[in-house]
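Below, each chain spelled out in residue letters.
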Amino acid sequence: MDRPSEFRHTGVVKYPSDTTERTERAGHVPAATSSRVEDARRNAPATGRDVPEGQTRAAVVQLLLEEGPITAPEIGERLGLSAAGVRRHLDALIDSGEAQAASAPRRQGRGRGRPARRFQLTAVGRARLGHSYDDLATAAMRHLRELGGDAAVEDFARRRVDSILGGIAPADENLDDVETVAEEIAGAFTASGFAASTRRVGTGVQICQHHCPVSHVAEQFPQLCEAEQEAFVRILGTHVQRLATIANGDAFCTTHVPVLPGAKPARPEPPT
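One structure accompanies this document, and this report is about it. (Residues numbered from 1 in each chain as written. Predicted model: local features only at pLDDT ≥ 70, side-chain atom pairs only at ≥ 80, totals over all residues. Heavy atoms only, no water.)

With that settled, the discussion passes to the overall build of the protein. The secondary structure content of the protein amounts to 10 helices and seven strands. Counting every position in the protein, which comprises 272 residues, the buried fraction comes to 39%. Taking the contacts inside the protein whose residues are at least 6 apart along the sequence as the reference set, 62% of them involve residues at least 24 apart. (Helix = DSSP H or I, 4+ residues; strand = E, 2+ residues; numbered from the N terminus. Buried < 20%, exposed > 50% of the residue type's maximum accessible area, 1.4 Å probe, protein only. Contact = heavy atoms within 4.5 Å.)

This part covers the sheet that holds strand 7 (residues 253–258). In space, the four strands of this open sheet follow the order 4-5-7-6, with antiparallel pairing throughout. Only two strands of the sheet have a single neighbouring strand rather than two, namely strand 4 (196–201) and strand 6 (241–244). With direction set aside, neighbouring strand axes in the sheet form an average angle of 25 degrees. In the packing of helix 10 (residues 223–236) onto the sheet, the strands contacted are strand 5 (204–209), strand 6 and strand 7, and the crossing angle to strand 6 comes to about 135 degrees. (Pairing = 2+ DSSP bridges. Axes fitted to C-alpha atoms, helices over the stretch in contact; angles between N-to-C directions.)

On to the side chain of Glu228. Mapping Glu228 onto the fold places it in helix 10. Overall, Glu228 belongs to the buried group, its relative accessible area being 4%. Side-chain polar atoms of Glu228 contact the side chain of Arg242, separated by 2.8 Å. Not counting the four nearest positions on each side in its chain, Glu228 is found in contact with Arg160, Val161, Phe189, Phe194, Gln209 and Arg242. (Polar contact = N/O pair within 3.5 Å; in protein donor to acceptor, adjacent residues only side chain to side chain.)

For the structure shown, the criterion picks out eight salt bridges. Glu67 is paired through a salt bridge with Arg78; the nearest N and O atoms lie 2.7 Å apart. On the criterion of sequence distance, the pair formed by Glu67 in helix 3 (residues 53–67) and Arg78 in helix 4 (residues 72–79) is long-range, its members being 11 residues apart. Residue Glu67 is classed as partly exposed on the basis of its relative accessible area of 30%. (Salt bridge = Lys/Arg side-chain N within 4 Å of Asp/Glu carboxyl O.)

Turning our eyes to something else, we now look at the side chain of Gln206. The topology assignment puts Gln206 in strand 5. The class for Gln206 is buried, based on a relative accessible area of 7%.

For the rest of this paragraph, the subject is the nonpolar core. Ranked by internal contacts, the top residues of the largest apolar core, which has 36 residues, are Leu165, Ile185, Phe189 and Leu236. Going through the elements one at a time, helix 7 (134–165), helix 8 (175–191), strand 5, helix 9 (215–220), helix 10 and strand 7 are the ones with two or more residues in this core. Residue contacts for Leu165: discarding those within four places in its chain leaves Ile185, Ala188, Phe189, Ala231, Phe232 and Ile235. If you look at the next biggest cluster of nonpolar residues, it comprises 18 residues, including Leu63, Leu64, Leu65 and Leu129. (Core = buried A, V, L, I, M, F, W, Y, C linked by side-chain atoms within 4.5 Å.)

Attention shifts here to empty space enclosed by the protein. Under the defined criterion, the tally for this structure stands at two cavities of 30 Å³ or more. Taken as a whole, the largest cavity spans an internal volume of roughly 60 Å³. Along the walls of the largest cavity sit Leu64, Leu65, Gly68, Gln120, Leu121, Arg126, His210, Ala251 and Phe252, which together make up its complete lining. Looking at side-chain class alone, the lining of the largest cavity contains five nonpolar, three polar and one charged residues. Considered as a void within the structure, the second largest cavity measures approximately 40 Å³ in volume. The wall of the second largest cavity is formed by Arg160, Gln209, Cys212, Val214, Ala218, Leu224, Cys225, Glu228 and Cys253. (1 Å grid on protein atoms, 1.4 Å probe; cavity = no way out; pocket = protein on both sides within 12 Å on 5 of 7 lines; lining within 4 Å. Points joined across faces, edges and corners; volume = space filled by probe spheres on them. Nonpolar A, V, L, I, M, F, W, Y, C, P; charged D, E, K, R; others polar.)

Looking at where Phe221 falls in the secondary structure, it is placed in the loop between helix 9 and helix 10. Taking relative accessible area as the criterion, Phe221 reaches 0% and is therefore assigned buried. Considering only alpha carbons, one finds Phe221 and Ala247, 26 residues apart in sequence, at a separation of 9.5 Å. Apart from the residues lying within four places of it in its own chain, the contact partners of Phe221 are Thr138, Met141, Arg142, Arg145 and Val153.

On to the packing of aromatic side chains, then. Considering all chains together, one arrives at two aromatic pairs under this definition. Ring geometry for Phe189 against Phe232: centres 5.8 Å apart, planes inclined by 80 degrees, an arrangement best described as edge-to-face. Here Phe232 lies in helix 10 and Phe189 lies in helix 8, a separation of 43 residues in the sequence. Residue class for Phe232 comes out buried when judged on its relative accessible area of 0%. In textbook terms, an aromatic cluster arises when at least three aromatic residues are bridged by ring pairs, as seen for Phe189, Phe194 and Phe232. (Phe/Tyr/Trp six-rings, centres within 6.5 Å; stacked < 30°, edge-to-face > 60°.)

Printed below as a string of structure tokens:
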């Protein structure tokens, strides 16, 4: 008998441990979240029944993080889930306080029916995604401030954001380039774990960071957020306005970059 062949396929179905199942059903996204989301998107059938419950929940959480606010039909289309399946996952996340319905946008013009509800992660939901070494990082920042004062913290914050955006060339004075560079900034932050994107709003463009891996530290050291804004001004060559930050309890960080038709942005003087 060829005994080694018995181990190739035993027909045994493995179930996740109680701890793993409870963690995933709560919406916690494991370290391999990105690969799970891609697997769910590629392999999920129309009903989504063949995809493990925890994996599908993690994929829903990731979509809420990266693209929220997002509608239930959009989630279903992206993951191949039925309307009932999407509702089951959203209800579980809302009941646990990890997701919420976003405020409905103002109606523009007259249209039929009510606008579709959009959903996004709450601060609780983002916290369960994991913030590695928060306590250690916060303690290190405190120690740095004790040694060198606020100036040392500010210098560290500038060096940190420069390491993220250092490869981006400053925008020219034409408006199209400002928007292009804003997209490059979002891409650089996404590569660093911020799940950033841009969107055109009125006469400006907004840079949105849907996740912040240092938000807990930034709550105590706002210099981290301030250094980001200073870098945006320097690279984009125009003033920007921070509308919201995760560190202050908002759903995501939003920076508005005014882009006025027919006007050239005035490049600010470099800090002395």
